[in-house]
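The primary structure of each chain is shown beneath.
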Amino acid sequence: MKCPYCNQDNTRVVDSRPVDDNNAIRRRRMCDECGRRFTTYEKVETIPLVVIKKDQNREQYDRSKLEGGILRACHKRPVPVQEISRLVDRVETEIFNREEKEVPSTVIGELVMNYLKDLDAVAYVRFASVYREFKDVNTFMDELKKMLN
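Residues numbered from 1 in each chain as written. Predicted model: local features only at pLDDT ≥ 70, side-chain atom pairs only at ≥ 80, totals over all residues. Heavy atoms only, no water.

Enquirer: It is not clear to me how the overall build of the protein should be interpreted in this structure. Could you clarify?
Expert: What the protein contains, in helices and strands, is 5 helices and 6 strands. Of the regular secondary structure in the protein, the N- to C-terminal order runs β-β-β-β-β-α-α-β-α-α-α. Its C-alpha atoms give the protein a radius of gyration of 20 Å, more than 25% over the compact-globule value 15 Å for 149 residues. When burial is assessed residue by residue, the protein has 30% of its 149 residues classed as buried. Residue pairs at least 24 apart in sequence account for 39% of intrachain contacts in the protein once pairs closer than 6 positions are excluded. Element-wise, carbon and sulfur atoms account for 48% of the exposed surface of the protein, whose accessible area totals about 10100 Å². Side-chain charges of the protein comprise 28 positive and 26 negative groups, with the mean position of each set lying 4 Å from the other. (Helix = DSSP H or I, 4+ residues; strand = E, 2+ residues; numbered from the N terminus. Rg over C-alpha atoms; globule rule 2.2 N^0.38 Å. Buried < 20%, exposed > 50% of the residue type's maximum accessible area, 1.4 Å probe, protein only. Contact = heavy atoms within 4.5 Å. Areas by Shrake-Rupley, 256 points an atom, 1.4 Å probe, with all protein chains shown as cover. Lys, Arg positive; Asp, Glu negative; His and termini not counted. Charge placed at Lys NZ, Arg CZ, Asp CG, Glu CD.)

Structure below.
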């Protein structure tokens, strides 16, 4: 591993510990040349995943898009960032456990909605309103009634 400060190759691991529910390893490293410390994260490489969008276009899975949608739904809600990260991790785990190379965006959306329903009702309704593309107040009310039952 190259040092980000002096670009030398000789760095060594000072400390290692698991993070993210044992899905990654955090390593503290020290450069033998300049003596500075830095942190790296090691995560298992997964198979590339392609998302099939509603219009049948395909694009590579992007965690930041999933996280961004959930963050927008939780905007100004009392939902800790750690909970959002856990939600994204759970959705990712379920998607990758399917061991399929392509997954429809509808599957991802339904998973997110199931987890958001338990996390925060307002965030759930916000996400559902965009995801399900409510056309009028009646469809919105139908979704609210489903949630309340």
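Alright, that's what it looks like, and here's the rest.
Enquirer: Help me understand the nonpolar core in this model?
Expert: Nonpolar side chains tend toward joint burial in soluble globular proteins. Core analysis: the biggest nonpolar cluster contains 27 residues, and Leu66, Ile70, Val91, Ile108, Val112 and Leu116 have the highest contact counts within it. The set of elements that each furnish at least two residues to this core consists of helix H1 (63–73), helix H2 (81–97), helix H3 (105–119) and helix H4 (121–131). Discounting residues that sit within four places of it in the chain, Val91 has contacts with Leu66, Ile108, Leu111, Val112 and Tyr115. (Core = buried A, V, L, I, M, F, W, Y, C linked by side-chain atoms within 4.5 Å.)

Enquirer: Before we go on, may I ask you to explain the layout of surface pockets in this structure?
Expert: Any empty space left between the atoms is revealed when a probe the size of a water molecule rolls over them. If you add up the space inside the largest pocket, you get close to 640 Å³. Those elements that provide at least two residues to the lining of the largest pocket are strand S5 (58–60), H1, H3 and H4. Tallying contributions element by element places H1 first for the lining of the largest pocket, with 6 residues. For the lining of the largest pocket, a count of residues per class yields 10 nonpolar, 4 polar and 8 charged. (1 Å grid on protein atoms, 1.4 Å probe; cavity = no way out; pocket = protein on both sides within 12 Å on 5 of 7 lines; lining within 4 Å. Points joined across faces, edges and corners; volume = space filled by probe spheres on them. Nonpolar A, V, L, I, M, F, W, Y, C, P; charged D, E, K, R; others polar.)

Enquirer: What is the right way to read the packing of aromatic side chains from this model?
Expert: What characterises a pair of aromatic rings is the spacing of the ring centres plus the angle enclosed by the ring planes. On inspection of all chains with the given rule, the structure shows 1 aromatic pair. For the ring pair Tyr61 and Phe96, a centre distance of 5.8 Å and an interplane angle of 90° mean the geometry is edge-to-face. Linking Tyr61 in the loop between S5 and H1 with Phe96 in helix H2, this pair joins segments that are 35 residues apart in sequence. Take Tyr61: its relative accessible area is 15%, and that puts it in the buried class. Since its relative accessible area comes to 22%, Phe96 is described here as partly exposed. Between the NZ or CZ atom of Arg36 and the centre of the ring of Tyr5, over which it lies, the distance is 3.8 Å. (Phe/Tyr/Trp six-rings, centres within 6.5 Å; stacked < 30°, edge-to-face > 60°. Lys NZ or Arg CZ within 6 Å of the ring centre and 35° of its normal.)

Enquirer: When you look at H3 in this model, what are you seeing that I'm missing?
Expert: At 3.6 residues per turn, the α-helix brings residues three or four places apart onto the same side. Spanning 15 residues, H3 covers 21 Å between terminal C-alpha atoms, matching the ideal 21 Å at 1.5 Å per step. All of the buried residues in H3 are Ser105, Ile108, Gly109, Leu111, Val112, Met113, Tyr115 and Leu116. Buried residues along H3 sit against strand S4 (50–52), H1, H2, strand S6 (102–104) and H4. (Expected span 1.5 Å × (residues − 1).)

Enquirer: Mind showing me how you'd approach unusual backbone geometry here?
Expert: Unusually for a residue other than glycine, Gln56 sits at a positive phi of about 70°. Checked against the element boundaries, Gln56 lands in the loop between S4 and S5. Even without glycine at this site, Lys76 takes up a positive phi of about 60°. Position of Lys76 among the secondary structure elements: in the loop between H1 and H2.

Enquirer: What is the right way to read the pairing of strand S3 (residues 37–43) from this model?
Expert: For a regular strand, side-chain orientation follows a simple rule: the groups alternate between the two sheet faces. Alignment of strand S2 (residues 24–31) against S3, held across 7 bridges, turns out to be antiparallel. Directly across from Arg26, in S3, lies its bridge partner Tyr41. Turn length for the S2-S3 hairpin, with the two strands adjacent in sequence and antiparallel, is 5 residues, and the turn residue Gly35 shows positive phi of about 80°. (Pairing = 2+ DSSP bridges.)

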